[in-house]
Amino acid sequence: MAKKIDLIGRKKYHYNDDIIINIPTIGQIRGRDNEETENQFWKEANLFIKTPTDMISELDSLGMDFEEVSEYLLFFMLLTSYIADKENSCQLFEGLDYRKLKAGADSSGQLIFVDETGKEIFNEIVYLDVSNIIATMVGTEKTPKKKFGNAFAKKMRIKQDYKKKEKARKEQDNNDSVLGSIILRLCNNCNFPYNFETVNDVTIYNLFQSVKQIDKDKSVDEIMDSRLVGADLNKLPKEALSRYV
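Here is a short report on the structure shown in this document. (Residues numbered from 1 in each chain as written. Predicted model: local features only at pLDDT ≥ 70, side-chain atom pairs only at ≥ 80, totals over all residues. Heavy atoms only, no water.)

Re the overall build of the protein
If you tally the helices and strands in the protein, you get nine helices and five strands. The order of helices and strands in the protein, counted from the N terminus, is β-β-α-α-α-α-β-β-β-α-α-α-α-α. If you line up the protein on its principal axes, its C-alpha atoms span 65 × 50 × 40 Å. When each of the 245 residues of the protein is scored for burial, the buried share is 37%. Contacts spanning at least 24 positions in sequence make up 64% of the contacts within the protein whose residues lie at least 6 apart. For the protein, the accessible area works out to roughly 15000 Å², and carbon and sulfur atoms hold 50% of it. (Helix = DSSP H or I, 4+ residues; strand = E, 2+ residues; numbered from the N terminus. Buried < 20%, exposed > 50% of the residue type's maximum accessible area, 1.4 Å probe, protein only. Contact = heavy atoms within 4.5 Å. Areas by Shrake-Rupley, 256 points an atom, 1.4 Å probe, with all protein chains shown as cover.)

Here's what the structure looks like:
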């Protein structure tokens, strides 16, 4: 999707008649049980924004080469597994029930998901579009595909990923909520007009955009202050002095 997605002020994004993306508020994501509800949200979002480069060791453990697995094939595998767990729910899409989706193939043999009527819901093109929208919604970009120049470098990268994931699992109980840390930071910033209660009405997209805007303003202010010590702003690109994110 070439064009920039603007989700400011939106609560939903109408992709097509079958896929309407919910843009939840912080209160909806965190719910009453902050940790578990938020974890479920990220678990579902990761179906769409994780790429093979994010899952090097996981794919290796399945005997799959992360360099050879496409983003869509990974999504197909992740969503199939997600659907199989009856405890998982669908929060990202309005009116869509993952449990009613079935994996299949179209007339050309391409992997797809269809609903109970046989209507095609997800194919590769739809996935690429929707995944970019969801990545934008949660303030991130999908990790690009990486290739290694030789077998040794690739082997070492796989080994490093195993160690990284093992360390992350051991430290999992001590991890803070992603949103909790951001909320704490923003609600203690005078440029953010919400407190710890009213922030629950802010959408996740608006929250992440607020972080970017505050950081951008701070960066520009620091650059402008550098004039006092003789910095030549004419040598800087226009983007560095723009306050727009």
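Once the structure has been displayed, the description carries forward.
Quick look at the sheet that holds strand S3 (residues 102–105)
Here three strands make up an open sheet; going across it, the order is S3-S4-S5 and the pairing antiparallel. Edge positions in the open sheet fall to S3 and strand S5 (120–122), since each of these has one partner strand only. Neighbouring strand axes in the sheet, compared pairwise and without regard to direction, differ in orientation by 55° on average. Here S3 runs beside strand S4 (residues 111–114); their pairing, made up of four bridges, is antiparallel. (Pairing = 2+ DSSP bridges. Axes fitted to C-alpha atoms, helices over the stretch in contact; angles between N-to-C directions.)

Let's talk about the packing of aromatic side chains
Applying the stated rule across the entire model yields 16 aromatic pairs. Between Phe93 and Tyr98 the ring centres are 6.4 Å apart and the planes differ by 85°, which places this aromatic pair in the edge-to-face class. By the burial criterion, Phe93 is buried, and Tyr98 matches it. With a centroid separation of 5.1 Å and 55° between ring planes, the pair formed by Phe192 and Tyr194 is classed as tilted. Under the relative-accessibility criterion, Phe192 is labelled buried at 5%. (Phe/Tyr/Trp six-rings, centres within 6.5 Å; stacked < 30°, edge-to-face > 60°.)

Brief notes about the pattern of salt bridges
When charged atoms on two side chains of opposite charge get close, those side chains can pair. Overall, the coordinates contain 15 salt bridges when judged by the stated rule. Put simply, Glu38 and Arg30 hold a salt bridge, and the shortest N to O gap is 3.3 Å. Accessibility assignment for this pair places Glu38 and Arg30 in one class, buried. Here Lys142 and Glu71 are joined by a salt bridge, their closest N and O atoms 2.6 Å apart. On the criterion of sequence distance, the pair formed by Lys142 in the loop between helix H5 (124–137) and helix H6 (151–170) and Glu71 in helix H4 (residues 71–84) is long-range, its members being 71 residues apart. (Salt bridge = Lys/Arg side-chain N within 4 Å of Asp/Glu carboxyl O.)

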